[in-house]
Amino acid sequence: MLNPKIADHHLARQACIYIRQSTPAQVRFNQESTERQYNLANHAKSLGWIPEQIRILDGDLAQSGELTTKRDDFKTLVSDVAMGQVGAIFSLEASRLARSNKDWHRLLELCAITKTLVFDGDGCYDPSDFNDSLVLGMKGTFAQAELHIIRARLHGGKLNKAQKGALRFALPVGLVFDGDNIVLDPDQEVQGAVRTLFELFEQESSAYRVVQRFHHLGLLFPRRSYGGAWNGKLVWGRLTHSRVIGVLANPSYAGTYVFGRYQSCKKLNPAGEICTQSRQLPQDQWRIVIPDHHPGYITRDQFLANRKRLAANRTNSEILAGPAREGHCLLQGLLLCGSCGRRLSVCYAGNGGIYPIYDCTSRKESTHHCFSTPAKPLDDAIVQRVLAAVTPVTIKLALEALNNLEAGDKAISAQWGRRIERARYDADLSERRYEEADPSNRLVATTLEKRWNDAMQRVVELEVEFANFQRQTMRVLTPEQKQQILQLGKDFPRLWKAPTTSSCDRKRMLRLLIRDITVVNDPDSKLLHLQVRWQGGATDTIEVHRRPKRADAIRYSDMFVAKIHAMAEKYDDQEIADQLNAQALTSSTGKPFTLSMVRWIRFKHRIPGPSLSPGTLTANQICERYGVSRWVVHYWIEHGIVSAAQRKPNTPYAITIDDATDRRLREWVANSGHLHPSSPTRAV
């Protein structure tokens, strides 16, 4: 018997069977619920819908009903209802359609407008009817409340179990469960890889350098596979930077049980949809922290020191001093600007970037520039202060450093040994499998034989690689070399200046001694005040003279100009240049003096030439007295009209003018046809 609420216009439209389960585990293991939802199609047939009009929407299986994100079939259902193409919606219960009141009431409103029926396990509802709409609204509210109650119940159980340190979660590589206890992985190769990572970070203080050292040494790092055929198995591969950061930031390696490192939060994506993301919480906001819960690879103090070192290595913050890097600037990361308080950056200029410079720009987005200075004067001043302040390194420290080097090499060699031992185990296992196979079954025997050969070949290749590593990388020190190292340990300045000490090593030494250096620029006195703050808390101030500008560097001093002025009263320019060279003096650019240099100095500083004897004039003075050009004066000299003499060739003339010569020249000028075209030309 048909339901009285079903009309002909309902049967003329589609009947949509909406199928959904919240998680992949429910779809996989709770198949009875899935089967019950698919059987709703038979219920629709019994109510009068023909099979062609019955549409099954099962694309939202394994998707939560809390949000519409990733629920494409639900969006399709809503759009078809809004277009009036759906006569009835079949669902096992209201929570299958939506657990959000916003989505549920939106669907009900559209169903009421388009006269669409809603069927669930309790009966048929017409959303256009007030009573049915009220019941459906209450069911949606109960579904959302049920979701909250279930979530709170599950989270409370997890939190209670985590407070006892008994809640299980995926352990990082190197740690495994032994019953209910967390223990170190019994695989020695895995333990060696994890310990090597922590030891290299202790030496290098940089995650990137740990990756480089692993690659350079030919070491691999394990990761545990989850899901699929490789679920729970170890996969060995190249170490990556993200893996190093993950290992160093994981407190489980310090024997600490932590719950609540991450928190889920809802955000709007670029499409405007609500999505759930997880974010990492600061260490002081972790919900549960149980120190010394299980064995670890490092202590808690080492874990905190590693976290602090990683934070200091960031280059996108104002945290000093950053990791020690390659480069000639020894104070990289240690300098602070005394004006704006920001860290000074390093740049290279001149001839392809061979001159290092410390530069301060108050903000990257600002054009304001505080100052910049060459790196060498600052580096030299700090190095001299450090060498004078640090006492010679004792033999005990040198022995400890030597022992650390040897221990590091032994640890790496042991890791290689474990890797070869695992390869031999795989070869022996392949051999046993081959021997246990039925010889008559050639298909299986051939495959096992090939695996055995491949395993043996892998052992040979690893042994060759290990031999090359020992020959090229392992540091085998002779007694004589150890004695040399001990001798270097007694003399810190020699250790600092040794050619084998890299710039990176020197930077690490400075970071052990100096916390930061504030640079105060004094433009008036051309001084830089370096306020050094040592690691122990003491402070020191060093003054460094700024390198003068090029124009100031090549400018002659007032004393030298006065010397040229005194010499110019007695000597000509060539004689001045000869005397300066005889005194072993050089120009401001370090070159011997020439005639042109002396002339330029006299011209620049307006220094007159040698004074003339009484009654003599220069050619310029003759030109000014008689109003003629230099050509006329030289004509008079060449034709003997005036008496002139030179002290040396190419030197100015000293012209003698008496009263008779003066009258004759004035008459010449007055009667010259060239100077006065209207007057007749007369010759003297």
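Everything discussed here concerns the structure shown above.
Residues numbered from 1 in each chain as written. Predicted model: local features only at pLDDT ≥ 70, side-chain atom pairs only at ≥ 80, totals over all residues. Heavy atoms only, no water.

A.B. asks: I'd like a description of the pattern of salt bridges, backed by residues and values.
C.D. replies: Summed over the entire model, instances satisfying the criterion amount to 17 salt bridges. A salt bridge links Lys139 to Asp122; its shortest N-O distance comes to 2.9 Å. Of this pair, Lys139 sits in helix H8 (residues 130–163) while Asp122 sits in the loop between strand S4 (117–120) and strand S5 (123–125), placing them 17 residues apart in sequence. Residue classification places Lys139 among the buried positions, given a relative accessible area of 18%. (Salt bridge = Lys/Arg side-chain N within 4 Å of Asp/Glu carboxyl O. Helix = DSSP H or I, 4+ residues; strand = E, 2+ residues; numbered from the N terminus. Buried < 20%, exposed > 50% of the residue type's maximum accessible area, 1.4 Å probe, protein only.)

A.B. asks: Give a detailed account of helix H21 (residues 573–582), specifying residues and quantitative values.
C.D. replies: Within H21, the full set of buried residues consists of Asp573, Glu575, Ile576, Ala577 and Leu580. Lining the buried residues of H21 we find helix H20 (558–568) and helix H22 (595–604). Ala584 lies just past H21 and shows a positive phi near 60 degrees. (Contact = heavy atoms within 4.5 Å.)

A.B. asks: Could you give an account of unusual backbone geometry, naming the residues involved and the relevant values?
C.D. replies: Residues other than glycine predominantly adopt negative phi, and peptide bonds predominantly adopt the trans conformation. The residue Ala62 is not glycine, and still its phi comes out positive at about 70 degrees. Structurally, Ala62 is set in the loop between strand S2 (54–57) and helix H5 (72–82). Positioned with a positive phi, Ser205 is a non-glycine residue whose angle comes to about 65 degrees. With respect to the secondary-structure elements, Ser205 resides in the loop between helix H9 (188–204) and helix H10 (207–217). On the basis of relative accessible area, Ser205 is assigned to the partly exposed category, the value being 23%.

A.B. asks: Please set out the pairing of strand S19 (residues 527–534) residue by residue, giving values where relevant.
C.D. replies: When you tally the buried positions in S19, you get six out of eight residues, the bulk of the element. Pairing geometry for strand S18 (residues 514–522) and S19, over eight bridges, is antiparallel. Bridging from a neighbouring strand, Thr518 pairs with Gln531 of S19. Relative to strand S20 (residues 539–545), S19 is paired through seven bridges, and the arrangement is antiparallel. Residue pairing across strands places Gln531 opposite Thr541, the latter belonging to S20. (Pairing = 2+ DSSP bridges.)

A.B. asks: I'd like to hear about the packing of aromatic side chains, residue by residue, with values.
C.D. replies: One pass over the structure, following the stated rule, counts 14 aromatic pairs. Ring centres of Tyr253 and Tyr297 lie 5.9 Å apart, and the angle between their planes is 55 degrees; this geometry places the pair in the tilted category. Taken together, the positions of Tyr253 in the loop between helix H11 (241–248) and strand S10 (257–259) and Tyr297 in the loop between strand S13 (288–290) and helix H12 (300–312) put the pair 44 residues apart, joining distant regions of the chain. Assessed through its relative accessible area of 9%, Tyr297 is described here as buried. Ring geometry for Tyr635 against Trp668: centres 6.5 Å apart, planes inclined by 45 degrees, an arrangement best described as tilted. Placement of the pair is Tyr635 in helix H24 (residues 630–638) and Trp668 in helix H25 (residues 659–671), with a sequence separation of 33 residues. (Phe/Tyr/Trp six-rings, centres within 6.5 Å; stacked < 30°, edge-to-face > 60°.)

A.B. asks: Let's hear about the environment of Asp505: which residues, and what values?
C.D. replies: Turning to its location among the elements, Asp505 is positioned in helix H18 (residues 503–513). Judged by relative accessible area, Asp505 falls into the partly exposed class, the value being 30%. It is 9.7 Å that separates the C-alpha atoms of Asp505 and Leu330, two residues lying 175 residues apart in sequence.

A.B. asks: Outline the pairing of S18, supporting the account with residue identities and numerical values.
C.D. replies: Taken together, the three bridges between strand S14 (residues 335–337) and S18 define a ladder with parallel strand orientation. Note that in S18 the partner of Leu336 across the bridge is Thr518.

A.B. asks: Quick one: what's the story with the side chain of Arg419, residue by residue and with numbers?
C.D. replies: Position of Arg419 among the secondary structure elements: in helix H14 (residues 395–436). The buried charged residue Arg419 lacks any salt bridge partner; its closest oppositely charged side chain belongs to Glu465, at an N-O distance of 4.7 Å. (Lys, Arg positive; Asp, Glu negative; His and termini not counted.)

A.B. asks: Before we move on, could you go through the sheet that holds S14 and cite the residues and values that matter?
C.D. replies: Pairing is mixed in the open sheet, where four strands are placed in the order S14-S18-S19-S20. Since the sheet does not close on itself, it has two edges, and those belong to S14 and S20, each with one partner. Each neighbouring strand pair of the sheet contributes to a mean axis angle of 25 degrees, computed without reference to strand direction. (Axes fitted to C-alpha atoms, helices over the stretch in contact; angles between N-to-C directions.)

A.B. asks: Break down the sheet that holds S4 for me, citing the residues and quoting the values.
C.D. replies: The five strands lie next to each other as S2-S1-S3-S4-S5, forming an open sheet whose pairing is mixed. A strand with exactly one partner marks an edge of an open sheet, and here the two such strands are S2 and S5. Ignoring which end each strand starts from, the neighbouring axes of this sheet average 20 degrees apart. Sheet strands in contact with H8 are S4 and S5, and its direction is about 110 degrees off that of S5.

A.B. asks: Outline the packing of H9 against H10, supporting the account with residue identities and numerical values.
C.D. replies: Where H9 meets H10, the closest approach of the two axes is 9 Å, and the angle between their N-to-C directions is 125 degrees. As judged from the angle between their axes, H9 and H10 are oblique. You can see that H9 and H10 cross each other, and the crossing is right-handed. Between H9, through Ala193, Thr196, Leu197, Leu200, Phe201, Gln203 and Glu204, and H10, the contact on the second element is made entirely by Ala207, Arg209, Val210, Arg213 and Phe214. Looking at the contact of H9 with H10 residue by residue, the classes come out as seven nonpolar, two polar and three charged. (Parallel < 35°, antiparallel > 145°, perpendicular 65-115°, else oblique. Left-handed = near helix turned anticlockwise from the far one by under 90°. Nonpolar A, V, L, I, M, F, W, Y, C, P; charged D, E, K, R; others polar.)

A.B. asks: Lay out the packing of H10 against H11 in plain terms, naming residues and giving numbers.
C.D. replies: Packing of H10 against H11 brings their axes to within 9 Å, and their N-to-C directions diverge by 120 degrees. With respect to H11, the axis of H10 lies oblique. Remark: the crossing between H10 and H11 carries right-handed chirality. Where H10 abuts H11, its residues Ala207, Tyr208, Val210 and Val211 lie against His241, Val244 and Ile245.

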